[in-house]
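Structural overview
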Amino acid sequence: MENVEVVQKVVILLGQIAYALVPMIARGEMLGPEQPVILHMLDIQPADEILKGVKMELMDGAFPLLKGVITTTDVIEACKGVDIAIMLGGFPRTKGERKDLISKNVGIYKAQALALEQHADSNCKVLVVANPANTNALILKEFAPSIPEENITSLTRLDHNRALGQIADNLNVHVGDVKNVIIWGNHSSSQYPDANHATVDVGVGHKSVREILADDHWLKTDFITNVQQRGEAIIKARRLSSAFSAASAACDHMRDWVLGTPKSQGTWVSMGVYSDGSYGIQPGLIYSFPVTCEKGEWSIVQGLKIDEFAREKMDALANELVLVVANPANTNALILKEFA
Ligand code: LMR
């Protein structure tokens, strides 16, 4: 049989996160060491020269898996035939809350959704990173109805990784030994990082994080706020929002989705996905759940015990997202309001 090389076309939008992400993709860290890729890079007109510079650097990287690079400021050209779309474009936060960006980003998202709807591969997998990520993903879902809803996801892996890092630091263990944290809800300052099911590998077997800590005071206080406010702390320190950690998380999210969640990472990872009503979360929201992935499909981990503390936080997050529920009328109303 003829050996047909399947090349994955990936569209990303430039900016700080993308600059960190493109070499990761070109090296095979996102889609695996055997998967050739063609990168479509989109940016706004004033950044046209910068796009060309990044293309030169990609050429200078001599990446064997990189089969082509398209740089463009035309959203339709960027989205043509893509199998994977990583939506990074949008105004970054400098102060205030992530949700304050909605009025600036809603127009960008509508245009990109329409381009994906009409020009991407019909099974295109979409990861929304730009803030407010869950809401942007929902807008995208409304304007790209032919992309299957399970193919539209938002990034909470950055928060998931941050939660692992916080536990490792607090317990003085290696981050690779910490497993099974969960980010519930929204990539907002009220997200709920949950360590109730988290474990630490200890030689043979593992111990639960709650068992290791004398009490759960830290898990209910500083652990949560540290993860919730990490993005803001980075903005204060760097005077720029997180870039390579976000790129690395986007890479983790896509890799696990496409290639499957490896056991070395624990039983599950966190992804913002379309709610099917699991854990009593209103269907249609893009909500972060613990998921496992296999053969390019995610599924929400079922049957985890939810205590009262968690329940309250999970419901509050669902309410926060209900403003733009999967009711096209509400979403359109929001968009019209923003444009009015
Ligand atoms: C992050 O969490 O680092 C990003 O979402 C940037 C931000 O606005 O916090």
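Below is a short write-up of the structure. (Residues numbered from 1 in each chain as written. Predicted model: local features only at pLDDT ≥ 70, side-chain atom pairs only at ≥ 80, totals over all residues.)

1. Brief notes about the overall build of the protein chain
When helices and strands are tallied, the protein chain shows 13 helices and 14 strands. Buried positions account for 44% of the 340 residues belonging to the protein chain. The long-range share in the protein chain, meaning contacts at least 24 apart out of those at least 6 apart in sequence, stands at 70%. (Helix = DSSP H or I, 4+ residues; strand = E, 2+ residues; numbered from the N terminus. Buried ≥ 20, exposed ≤ 12 C-beta atoms within 10 Å, placed from the backbone. Contact = placed C-beta atoms within 7 Å.)

2. Comments concerning the sheet that holds strand β7 (residues 178-179)
Spatial strand order, β7-β10-β11: three strands in an open sheet with antiparallel pairing. At either margin of the open sheet sits one strand with a lone partner, and together these are β7 and β11 (206-208). Where β7 meets strand β10 (residues 199-201), two bridges bridge the pair, whose relative direction is antiparallel. Within the sheet, the bridge partner assigned to Lys179 lies in β10 and is Thr199. (Pairing = 2+ DSSP bridges.)

3. As for the environment of Ala115
One can find Ala115 in helix α4 (residues 102-119). You can call Ala115 buried: it has 23 C-beta atoms within 10 Å. For the pair formed by Ala115 and Ile25, sequence separation is 90 residues and the distance between their alpha carbons is 22 Å. Leave out the neighbours within four places in its chain, and Ala115 touches Val75, Ile76 and Cys79.

4. Concerning the packing of helix α1 (residues 16-26) against helix α11 (residues 244-259)
Running from N to C, α1 and α11 cross one another at 45°; their axes reach a closest spacing of 8 Å. Judged by the angle between their axes, α1 and α11 are oblique. In the crossing of α1 with α11, the sense of the turn from one axis to the other is right-handed. Together, Ile17, Ala20, Leu21 and Met24 of α1 and Phe244, Ala246, Ala247, Ala250 and Cys251 of α11 make up the contact between the two elements. (Axes fitted to C-alpha atoms, helices over the stretch in contact; angles between N-to-C directions. Parallel < 35°, antiparallel > 145°, perpendicular 65-115°, else oblique. Left-handed = near helix turned anticlockwise from the far one by under 90°.)

5. Remarks on the packing of helix α6 (residues 157-171) against α11
Between α6 and α11, the shortest axis-to-axis distance is 8 Å and the interhelical angle comes to 105°. With respect to α11, the element α6 is oriented roughly perpendicular. Touching Arg157, Leu158 and Asn161 of α6 are Ser245, Ala246, Ala249, Asp252 and His253, all from α11. Class assignment for the residues of the contact of α6 with α11 results in three nonpolar, three polar and two charged. (Nonpolar A, V, L, I, M, F, W, Y, C, P; charged D, E, K, R; others polar.)

6. Comments concerning the nonpolar core
By size, the foremost hydrophobic cluster in this structure holds 90 residues, and its most contacted members are Leu116, Val126, Val128, Val129, Leu140 and Ala250. The dominant element in this core, judged by the number of residues it contributes, is α11, at seven residues. Once residues lying within four places of it in the same chain are set aside, the contact partners of Ala250 are Leu21, Ile86, Leu127, Val129 and Leu155. (Core = buried A, V, L, I, M, F, W, Y, C linked by C-beta atoms within 7 Å.)

7. Observations regarding the pairing of strand β14 (residues 297-300)
In β14, alternate side chains face the same way, and those of Trp298 and Ile300 are buried while those of Glu297 and Ser299 on the opposite face are not. In terms of strand pairing, strand β13 (residues 286-294) meets β14 through four bridges, oriented antiparallel. Paired with Val291 across the two strands is Ile300, which belongs to β14. Between β13 and β14, which pair antiparallel in sequence order, lie two residues; one of them, Lys295, sits at a positive phi of approximately 50°.

8. Re unusual backbone geometry
The amide bond that connects Asn131 to the next residue, Pro132, takes the cis arrangement and shows omega of -5°. Along the chain, Pro132 falls in the loop between β5 (125-128) and α5 (133-143). Of note in this structure, Arg239 is not a glycine but carries a positive phi near 60°. If you trace the backbone, Arg239 turns up in the loop between α10 (230-238) and α11. Owing to 8 C-beta atoms within 10 Å, Arg239 belongs among the exposed residues under this scheme. Notably, Tyr279 is not glycine yet its phi reads approximately 55°, a positive angle. Mapped onto the fold, Tyr279 is located in the loop between β12 (269-274) and β13.

9. Here we look at the environment of Pro46
With respect to the element layout, Pro46 can be found in the loop between β2 (37-42) and α2 (48-60). Taking the C-beta count within 10 Å as the criterion, Pro46 has 8 such neighbours and is therefore assigned exposed. Here the alpha-carbon distance between Pro46 and Thr73, two residues 27 residues apart in the chain, equals 9.0 Å.

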